[in-house]
Amino acid sequence: GAVVSQHPSRVICKSGTSVKIECRSLDFQATTMFWYRQFPKQSLMLMATSNEGSKATYEQGVEKDKFLINHASLTLSTLTVTSAHPEDSSFYICSASMETQYFGPGTRLLVL
Amino acid sequence: EDKVVQSPLSLVVHEGDTVTLNCSYEVTNFRSLLWYKQEKKAPTFLFMLTSSGIEKKSGRLSSILDKKELSSILNITATQTGDSAIYLCAFNAGGTSYGKLTFGQGTILTVHP
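Residues numbered from 1 in each chain as written. Chains lettered and ligands numbered in written order. Predicted model: local features only at pLDDT ≥ 70, side-chain atom pairs only at ≥ 80, totals over all residues. Heavy atoms only, no water.

Caption draft 1: Just the environment of D66 of chain B, in detail. Residues and elements named next belong to chain B. When you line up the elements, D66 lands in strand β7 (residues 61-66). With sequence-adjacent residues up to four places away left out, D66 is seen in contact with Y25 and S71. Within the local environment of D66, its side chain forms a polar contact with the backbone nitrogen of K68, the two atoms lying 3.1 Å apart. (Helix = DSSP H or I, 4+ residues; strand = E, 2+ residues; numbered from the N terminus. Contact = heavy atoms within 4.5 Å. Polar contact = N/O pair within 3.5 Å; in protein donor to acceptor, adjacent residues only side chain to side chain.)

Caption draft 2: The state of the cysteines, seen in detail. The full count for this structure, using the stated rule, is two disulfides over all chains. Each disulfide pairs two cysteine sulfurs, and for C23 of chain B the partner residue is C89 of chain B, the sulfurs being separated by 1.8 Å. Around the S-S axis, the bridge from C23 of chain B to C89 of chain B shows a dihedral of about -55° and counts as left-handed. Remark: C89 of chain B occurs in strand β9 (residues 85-93) and C23 of chain B occurs in strand β3 (residues 19-26); sequence separation between them is 66 residues. C89 of chain B shares its class with C23 of chain B; the two are buried. Here C13 of chain A is not disulfide-linked; the sulfur of C94 of chain A is the nearest cysteine sulfur, at 19 Å. By relative accessible area, C13 of chain A is classed as buried at 10%. (Disulfide = S-S within 2.5 Å. Buried < 20%, exposed > 50% of the residue type's maximum accessible area, 1.4 Å probe, protein only.)

Caption draft 3: Structural view of the interface of chain A and chain B. Taken together, the contacts link 20 residues of chain A with 20 residues of chain B. For the pair chain A and chain B, the summed buried area comes to about 1,600 Å², and 54% of that belongs to carbon and sulfur atoms. Counting across the interface, chain A meets chain B through one salt bridge. For K100 of chain B, the salt bridge identified is with E59 of chain A, shortest N-O distance 2.9 Å. At the surface where chain A touches chain B, the tally comes to six residue pairs in polar contact (both at pLDDT 80 or more). Listed by contribution, the elements that provide at least two residues to the side of chain A that touches chain B are β4 (32-38), β5 (45-51), β9 (90-96) and β10 (102-103) of chain A. Residue contributions to the side of chain A that touches chain B peak at three residues, all from β4 of chain A. (Buried area = accessible area lost by both parts, 1.4 Å probe. Salt bridge = Lys/Arg side-chain N within 4 Å of Asp/Glu carboxyl O.)

Caption draft 4: Looking closely at the sheet that holds strand β6 (residues 55-58) of chain B. Residues and elements named next belong to chain B. Strand order across the open sheet formed by five strands is β1-β3-β8-β7-β6, with antiparallel pairing between neighbours. At either end of the open sheet lies a strand with only one pairing partner, and these are β1 (3-7) and β6. Direction aside, the axes of adjacent strands within the sheet are offset by 15° on average. Pairing geometry for β1 and β3, over five bridges, is antiparallel. When the sheet's bridge partners are listed, S7 is paired in β3 with N22. (Pairing = 2+ DSSP bridges. Axes fitted to C-alpha atoms, helices over the stretch in contact; angles between N-to-C directions.)

Now the structure itself:
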């Protein structure tokens with residue numbers, strides 16, 4: 001199957017700082033990528049759709065100024081959690097849009 | 001509103017047992033239904049079912065889509081401890097929502113030796 005990577009796999013930061021997470025499609029070009037968030041013991045919730053060369057589309061309730069998404073190339077999308085707070089602590093996962101979606105390994109964010 | 005419901009929410013079995021996980025959906029524009037297995041990291045793809053491919057099988061795992069009943073099942077035969085995981089069902093809508101997966105709550109499967 002297709003390979004999607006994420007970096008970093010784990011990050012701990014202080015409240016108020018910004019954190020950038022990278023999502024890369026390694027063996028195919030992805031014009032669209034998706035960002036999900038998963039809280040403990042819950043399912044995945046779609047946050048936004050990342051479109052190469054254009055603005056991301058955010059799901060209802062997701063603050064676009066807090067979760068900045070940039071899809072600058074066909075193989076890279078980034079999610080920046082700005083001014084992170086403890087409630088932003090979660091597991092963030094990206095996927096690349098193919099008919100069969102493949103997920104990156106995820107990034108565990110802990111905000112102290 | 002599109003919805004995916006999985007049952008049971010959790011299941012505990014012993015090695016060698018056969019399990020059936022259920023997924024029902026209510027969607028306005030169905031394109032495909034996908035099954036994923038999630039252990040400690042992100043979900044790994046198992047199957048995709050569409051109108052033209054309603055039954056899939058891989059080793060001890062198999063899945064069937066019932067478009068009439070708007071449901072799908074995932075069967076695992078001769079379970080092993082390595083099958084312990086969360087199993088997620090998701091549908092992929094068509095049209096302008098193509099690619100955006102809506103997930104069910106997941107079924108936590110625990111297989112004891």
